[in-house]
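What follows is each chain in one-letter form.
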Amino acid sequence: MTTLESVSRRPPPWRNVRVLRIAFQAAFVFAVALFALYLFANLVRNLDRLGIDTSFDYLSQPAGFAIPDSDFRSTEDLFAALLVGAKNTLFISLLGIFLATILGVVVGVARLSSNWLVRRTAALYVESLRNVPVLLIILFWYLGVLLQLPPIGRAVEWEVLVVSNRGLVGPGLRQTDDLLVLVVVAAAGMAVAATVWIWRTRRFDRTGEPHRRVLWSGGVLLGFLLVGYVAGGMPLAVSLPERGELATTGGFRLSPEYAALLIGLTLYTASHIAEIVRGSILSVPIGQTEAADAVGLSSFDRLRFIVLPQAFRVAIPPVGNQYLNLVKNSSLGVAIAFPEVTRITRITISQGGPAPQAIVVLMGVYLVFSLSIALVMNLVNRRFALKGR
Amino acid sequence: MDTRTLEPLAVPEIAPPERSLPPGRWVKENLFSSWFNGVLTVLLAALLGWALYKIGRFVFVDARWEIVEVNLTNILVFRFPREELWRLWVALYVLAAAFGLGAGVATRVRSEDVRQGRATPPARLMTLRRLGPLLAVVAVFLWFAKSVEATILVAGIAATWIAARAGGRFVPPRHARRAGAAVLVGVAAAYLVVSAFGGVGWERWGGLLLTVFLAVGGIVISFPLGVLLALGRRSSFPAVRVVCVAYIELVRGVPLITILFLGAFMLGFFLPPGSETPSLEARALVGLVLFTAAYVAEIVRGGLQSVPREQTEAAVALGLSPLKTMRLIVLPQALRAVIPALVGQFISLFKDTSLVFIIGLTELLAVSELITKQPEFLAEGLIIETLVFAGFVYWAGSYWMSRESQRLERRLGVGER
Amino acid sequence: MSLIRTLGLRRRPRSTRTGRPTFVGYAVLVAVASLTLAGCLHGGDDGEVNLLDEVKERGTLECGVNDTVPGFGFVTAGGEFQGFDIDFCRAVAAGVLGDPNAVEFQPLTAEQRFTALQAREIDVLIRNTTWTSSRDGSEGATFLTTTFYDGQGMMVRADSDYQELADMGGTTICVLSGTTTELNLESVFRSQGIEYTPLSFEDNDTLQPAFQQRRCDGWTSDKSQLAGIRSAWPQGQGGPDALRILDETMSKEPLGPVVRDGDSGWAAVVDWIVLASIQAEEFGITQANVEEMKQSDNPEIQRFLGQPVEGEAFDPGLGLDPDFAANVIAAVGNYGEIYDRNVGADGLGLERGLNALWTEEGLHYPPPYR
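Residues numbered from 1 in each chain as written. Chains lettered and ligands numbered in written order. Predicted model: local features only at pLDDT ≥ 70, side-chain atom pairs only at ≥ 80, totals over all residues.

### A word on the overall build of chain A
Note the cut-off: Strands here mean DSSP runs of E at least two residues long; helices mean DSSP runs of H or I at least four residues long; both are numbered from the N terminus. Computation of the radius of gyration draws on C-alpha atoms, with the globule rule given as 2.2 Å multiplied by the number of residues to the power 0.38. Residues are called buried when their C-beta atom has 20 or more other C-beta atoms within 10 Å, exposed when it has 12 or fewer, and partly exposed otherwise; all C-beta atoms are positioned from the backbone. What counts as a contact here is a pair of residues whose C-beta atoms, placed from the backbone, lie within 7 Å.
Scanning chain A for helices and strands turns up 11 helices and 8 strands. A globule of 389 residues ought to have a C-alpha radius of gyration of about 21 Å, yet chain A, at 29 Å, is considerably larger. Projecting the C-alpha coordinates of chain A onto the three principal axes gives extents of approximately 105 × 70 × 50 Å. Of all 389 residues assigned to chain A, the portion counted as buried reaches 37%. Considering only intrachain contacts with a sequence separation of at least 6, the fraction spanning at least 24 residues in chain A is 68%.

### Quick word on the overall build of chain C
A tally of regular secondary structure across chain C gives 14 helices and 13 strands. When contacts within chain C are restricted to residue pairs at least 6 apart in sequence, those whose partners lie at least 24 apart make up 73%.

### Here's the deal with the domain arrangement of chain C
Interfaces are frequently sized by the accessible area removed from exposure as the parts join. All names here are of chain C. What counts here: Note that domain bounds follow an automatic or database assignment of domains. Throughout this entry, Asp, Glu, Lys and Arg are counted as charged residues, while Ala, Val, Leu, Ile, Met, Phe, Trp, Tyr, Cys and Pro are counted as nonpolar. The remaining residues, Gly among them, count as polar.
The assigned domain composition of chain C is domain 1 (52-148 + 254-360) and domain 2 (150-253). For domain 1 versus domain 2, the distance between C-alpha centres works out to 29 Å. Between domain 1 and domain 2, the contact holds 17 residues from the first and 20 residues from the second. Where the side of domain 1 that touches domain 2 is concerned, the elements lending two or more residues are β2 (68-69), β6 (124-130) and β13 (252-260). The residue makeup of the side of domain 1 that touches domain 2, split by class, is 10 nonpolar, 6 polar and 1 charged.

### Here's the deal with the interface of chain A and chain B
Counting residues at the interface gives 47 residues for chain A, matched by 45 residues for chain B. Sorting the residues of the side of chain A that touches chain B by element identifies α1 (17-50), α3 (116-130), α4 (134-145), α10 (341-350) and α11 (355-384) of chain A as the ones contributing at least two each. The greatest single-element share of the side of chain A that touches chain B, amounting to 13 residues, is contributed by α1 of chain A. Broken down by class, the residue content of the side of chain A that touches chain B amounts to 29 nonpolar, 13 polar and 5 charged.

### Some thoughts on the interface of chain C and chain A
Listed per partner, the contact involves 44 residues of chain C and 39 residues of chain A. Elements that contribute at least two residues to the side of chain C that touches chain A include exactly α2 (23-42), α5 (113-118), α6 (133-138), β9 (171-176), α7 (180-191) and β10 (196-201) of chain C. The leading source of residues in the side of chain C that touches chain A is α2 of chain C, at 8 residues. Class assignment of the residues belonging to the side of chain C that touches chain A gives a composition of 12 nonpolar, 20 polar and 12 charged.

### Topic: the environment of Ala-150 of chain B
All names here are of chain B. Relative to the elements of secondary structure, Ala-150 occurs in helix α8 (residues 148-168). For Ala-150, a count of 15 C-beta atoms within 10 Å translates into the label partly exposed. Placed 70 residues apart in sequence, Ala-150 and Val-220 show a C-alpha to C-alpha distance of 30 Å. Ignoring anything within four residues of it in the chain, the contact list for Ala-150 reads Leu-142 and Ala-145.

### Quick look at helix α4 (residues 84-97) of chain C
All names here are of chain C. Under the convention used in this document: Take the residue count of a helix, subtract one, and multiply by 1.5 Å to get its expected span.
End to end, α4 covers 20 Å across 14 residues, agreeing with the expected 20 Å (1.5 Å per residue, within 8%). Counted residue by residue, α4 has 13 buried out of 14 residues, so it is predominantly covered. Of the residues trailing α4, Gly-98 is marked for its positive phi of about 80°.

### Some details on the nonpolar core
Our working rule: When buried Ala, Val, Leu, Ile, Met, Phe, Trp, Tyr and Cys residues are joined through C-beta atoms within 7 Å, the set is termed a nonpolar core.
Within the largest apolar cluster, 251 residues are counted, with the highest numbers of intra-cluster contacts made by Ile-138 of chain A together with Cys-89 of chain C. If one sorts the elements of this core by residue count, helix α13 (residues 280-306) of chain B sits on top with 15 residues. Filtering out sequence-adjacent residues up to four positions away, Cys-89 of chain C remains in contact with Leu-61, Cys-63, Val-65, Val-103, Phe-105 and Ile-126 of chain C.

### Side note on helix α3 (residues 51-58) of chain C
Residues and elements named next belong to chain C. Heads up, the condition is: Working note: the arc is built from the helix axis to C-beta atom directions.
When α3 is considered as a whole, its buried residues turn out to be Leu-51, Leu-52 and Val-55. All buried residues of α3 lie within an arc of 105° about the axis, which places them on one face of the element. Residues of α3 that are exposed and angled more than 90 degrees away from the buried face: Asp-53 and Glu-57. Close packing links the buried residues of α3 with β1 (61-65), α4 and α10 (264-283). In the segment just after α3, Gly-59 is the residue with positive phi, at about 85°.

### What to know about the packing of helix α5 (residues 85-115) of chain B against α8 of chain B
Residue and element names in this part refer to chain B. Note the threshold: Here, axes are lines fitted to C-alpha atoms. For helices the fit covers the stretch in contact, and angles between N-to-C directions go from 0 to 180 degrees. Each angle receives one of four descriptions, namely roughly parallel if under 35 degrees, roughly antiparallel if over 145, roughly perpendicular if within 65 to 115, and oblique otherwise. Each crossing gets its hand from how the near helix is turned against the far one by less than a right angle, where anticlockwise is left-handed and clockwise is right-handed.
Where α5 meets α8, the axes come as close as 6 Å, and the angle between the chain directions of the two elements is 30°. When the axes of α5 and α8 are compared, the pair comes out roughly parallel. Between α5 and α8 lies a crossing of right-handed hand. Among the residues forming the contact of α5 with α8, the class breakdown is 16 nonpolar, 6 polar and 2 charged.

### Side note on the confidence of the model for chain C
All names here are of chain C. Filter applied, for reference: Each residue carries a pLDDT score, the predictor's confidence in it, ranging from 0 to 100.
The share of residues in chain C with pLDDT of 70 or more is 87%, and the mean pLDDT across the chain is 84. Put simply, helix α1 (residues 2-9) is where chain C has its lowest mean pLDDT, 48, and α4 is where it has its highest, 94. Taken together, the stretch residues 4-12 has pLDDT below 50 and engages in 6 contacts with residues farther than four places along the chain or on a different chain. Overall fold confidence for the complex sits at a pTM of 0.84, while the interface term, ipTM, reaches 0.85.

### As for the sheet that holds β2 of chain C
All names here are of chain C. Short version of the rule: In this scheme, strands are said to pair when DSSP sees at least two bridges between them.
On the basis of which strands lie adjacent, the open sheet formed by 3 strands has the order β2-β3-β4 and antiparallel pairing. Among the strands making up the open sheet, the edge pair consists of β2 and β4 (81-82). Bridge count between β2 and strand β3 (residues 73-75): 2 bridges; the pairing is antiparallel. Residue Val-69 lies in a different strand from β3, and its bridge partner there is Gly-73.

### Some points on the pairing of strand β3 (residues 167-170) of chain A
Residue and element names in this part refer to chain A. Sheet topology places strand β2 (residues 161-164) next to β3; 3 bridges connect them, and they run antiparallel. Paired with Val-163 across the bridge in β3 is Leu-168. Between the end of β2 and the start of β3, which pair antiparallel, lie 2 residues.

### Examining the sheet that holds β2 of chain A
Residues and elements named next belong to chain A. In space, the 4 strands of this open sheet follow the order β1-β2-β3-β8, with antiparallel pairing throughout. For this open sheet the edge positions go to β1 (156-158) and β8 (252-254), each flanked by a neighbour on one side alone. Here the strands of the sheet are splayed against their neighbours by 15° on average, with no regard to which way each runs.

This is the structure we're talking about:
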C-alpha cells in the first residue's frame, strides 16, 4: 500500500522563490536606505562642524535684499522672496510656452512649404538655433544686444515705445479705480461665453450650419467686458511711458534681463518645436493630403482641418517634453540676474542661507512645476488619443 | 477561351525620374507659384539679403577679431600650462590614428555589406561631406592662429588619420570588434598622455578642452549607470522599480543647474569629515553624470521595450540564464536600436556643459566671456565677437554630430516601422 | 504617469522571468552593502581637523582672493597678483611655510567665497570680506583680526548733481551680489525713504561696463574699493576726474581674513601672523631693518623676532617656528609698509585714518606677544 505524498510540498526557505524575492527586496531597500542615511549623516555632521543651520528655519529670516521689478520689501522673509521668484519663473515660462508654440508651429509648417525660399529660411533658422546652447543664445541677446542699446539719456523713442539699455517700455494699463465690478462682470462674461460656445457647437452638430463660435463667444465676452468697464467707472487707463532723466515712468516695462531670457527661451524652444511639428506633419499619411486636394480644399484649409489635427495627436508628447525643457531652462535666468527662483536661491545662499536646504527647496519648486505640466500633457494626450490603440 | 492566369510582368525596379526643370520654370514653380508665395518670396528675399549683408559686413569687415586671435589658446585650453601643450598635440595624433583606424575598418565593413547587397554604396565624396563642419572649424582655428607650425601640425594630424584609415581597410571584417576596442584604447591612451606621467591634472584644463572632456566623460560614465537604471526600472521587483523610477523622475524633473549646484555646493558635505574635497571639475562631472544617467536610462528603456518578448522567451527556452539573456540577446538589440537617440543625448550634453559656467568652471562659454574682461578689451562690446565665435564652435560640433546621427538612423533603418 | 503604473495601479503582464535575483542583482547588492559598511566603519574621523599640519604637508597655501579690485586684489598685466590682501596671503605663507611665494591664489566672486571656504577649496579667505554677526554665525566661518577698517560709500559721475544720498531718489544703483553692500544699500535707502532700483552683478568686471554705459547712476561699494576703481578709471572715459565719491559713509565695513569654523589652531596661526605685522610696525621693525633688529637690546623685540632670550627662543605654542614673525616681516614688511605699498602713499593714496596704530589715533592695537 503506497501513500501519496503531498504534491504541493513547499520547498525549504532557501530554495523558495517567493521567500527569496522578498528577502532580496528587503535587503536591497535596506542597503539603499543605509547608503542614504550614511550620506545624510555625513551631511549633518559636516554642517554641524561648520555651524551651519540644519533646519528650514532660515526661511523665516528677513531677506535683507531687494528684488528689482517687484513689490518685495527687504524686510519680508526669505520664503516670500522665493515665492516672488517662483512667480517670475511661472510667468516667464507660460509666456515663453505661448510664444514658442506659435513661432514653432509657424516655422515647422514653413519648413514644408512649397516655396523653396521659405523652406530654406526655415531650415536655416532651425538648424542654426538647435545646435547652439540655450545659455549662449540668452547671453548673446543680453550682453550683445540689449545691453548695447543706448543709455537712458539717449533712449530711442519710437511712437509709444521707449527703448534703452534699461529696458523696453511700452504702453501699459494703469489702475485708476476699484476693479471689483470689472472682475465680476468679466467672470460672468466668461461663463456666458462658454455657454454660447457650447450652444453654437451643438447647433452645428444638429443643423450643420457654420457655428462661427469664435466670433459669437468672443463677441459676447467683449460685450460683457465693455459693460463691466463702463459700469465700474472706467477703472483702467492706458498709461504711456514718459521718459524722465533717470527712468521712464508709466507704461509697461520689460527689463533687459526679462527680455533676453524670454527671447532666448522662445527662439531656442521654437526651433525644437518646429522640428517636432515637421515630423508630426510628415507622419500624417500622404493619402490624407491627396484626398484633401481631390476634394478641393485650399492648402490653408487642408492644413487647418485635415493635417494639423492629425499631426497634433502625434506631436503632443514631444511638445510637452519641450515645454518641460523650457521651464527648466528658465533657470538660466541665474546667469543674467533675472530674479527667477534659481537666482533668488543663489542670492540666498551667497547671503548666508544654508546651501543644502536651499537647493532642496529649489528642486522641490521645479518638481512641482514639472509634475504639473506633465500631468496636464498626459490629460491632453489621453483626451486626444485614438481609442482602442 | 484561354483562361490561363497571366504571370505578372517582371517590372524592373527603377527610381522615379528626377525632375530637373529649366531655371525659369523652376523659379516660377518654387518661388512664385501663387501671388501669396510671390509676396512671401520677395519679402523674405529682401529680409534675408539685408540680414546676410549685415552679418557678412560684421564678420568680415567690422568685427574686431583681435580678441579671438590673441586669446585663441585661452579659448582652446585656458589655463593649461603652455609648456605642456605638446602633450595635447601628441594626444591629437594618437586620437587621429585611433579614429582613422576605426574609420578604415568601418569602410571595409561597409564595402563588404555593399558587395553582399545588404547596403547601398555611399555617395561620392561622402567622407569629405561628412567631415565638413569639423574641417570648417579647424580651418577657422588655423586662420586665427596665424602660425605656420600649427598648420603643419594639423596637416600632420590629417595625414595620420588618412594613413590610419588606409591601414584600417586591410583589417578583415571579422576583426571589427577588436578594432573597435583598439579605438577605445587609443582614446584612453590620449587621456593618459595628457594627464599622467607628470602631466596636467583636471584643475588646469579649461576652454574647449574642458567642454569636450566633460561631455565625453559624462556620457561614458553615465552610460553603464543609465543601463543599470533602465534594467532596474523594468525589474520584476517592485522595490527596485520604485527606487529607480523615483531617481529617474526626480532627476528629469529638475533643471541641470540645480544638480550642478548640488554637486558644487554639497558634494563635499556628503563625504566623511576630514576627507579631501574633490576638485570642482570632478564635482561638475559627478553632477553631469547623475543628470545624464537618468536620460540615458529613459532612452535605453525605450530600446529594451522595442526588443520583442519572443527573444527573451526563446533564450529561456534555450536554457540561457537571465544574465546571459540580457548580455547576449536583449541588450545588444536594445542598444543598437537606440544609438541615434544616444547620440542625440550626447549632443545635448555637449551643449549643456556650458552650464558649468554658472558654478565657476572656465569652459568654452565662460572663457569667451572672461576674455572680454581683460584690461585691453574691457567694456568695448567685444562680447558679440567672442560669443559668435563660441557659438560657431558649438554649432559646428553639434551640427556635425546630428548629421552623423541622422545618417546612422537611416543606415540602421530605425524609424522605418 | 510612470509613477502611477509603478505603484501597481495597473496590472503588469506576467513576465517570463523566474523572479530570482540574478547574479547581477546579487552583485549590486553586495557592492552597495560593502560600500555602505566601509563608509560607516571609516566614519571615525570625528576629531578636529588640523589644517596647519595639512598645509605644511602640502607645501602650498590655498588663498581665496579678489582679482578685480585695484589696491586689494588685482592681476597685473604680467599675470601677477598684487594687493593689500595678496600681501597678507604671502605673509601667512611666509609665516607657516617660510616661503612667501608658496601660495596658490584662487580668485573668487563675492557669491562664491563662502561656499569655497566651506567646501575646503581654500585654506583662508583674504578678500576684503566684512565681518558681520550672521556671517560668523551661519556661514561656518571664523573672522580674524580686522586688517582694514572701511566704510561703505557711493560713487557717482562727476557731471551729475548728486551731492548726498538723499539726492538719489529714483536712480538705479549698481551693486555686487552676495555682499554686505547689497544689504546695507537696501536698509539705508529704505530707512531714509529713498526710492531706487538695485542692479546686482556677479563681479566688478561685469559691473563696470554697465556703469560706464550708464545703465546705473550710482555704484556703491566699500570706499576703499571705490577709490581703487576710480584711480584706475580709463582715460578714455574721462579718467578719475569723471567720478565722484560721496562723503557719506553708509555703514561700518571691517575687512579681515576668514577661516573655517572648527579649527581653532589654524585660526590662531593666521590671526597671530596678521597681528605680527601690526606689532612689527609698533616696534619700528621694517622689511629693511629686520635682520638688524634681531640684534636689538630690547627683550620684547628679541622675543618677538624669535631670538633666544636667556636660553630657548620663545615659542607661544602656535605650531609655528619661533622666528615666524621675522620671516613674515622679511617677506612683506610690517603693516605700515603693506598699507603704503598698496593703498597708501605709493598706491591708491588713502589716508591711514582708522587704520593707523592706536598710538596714532587709529584702531590697530595688537595684543602683547608673550
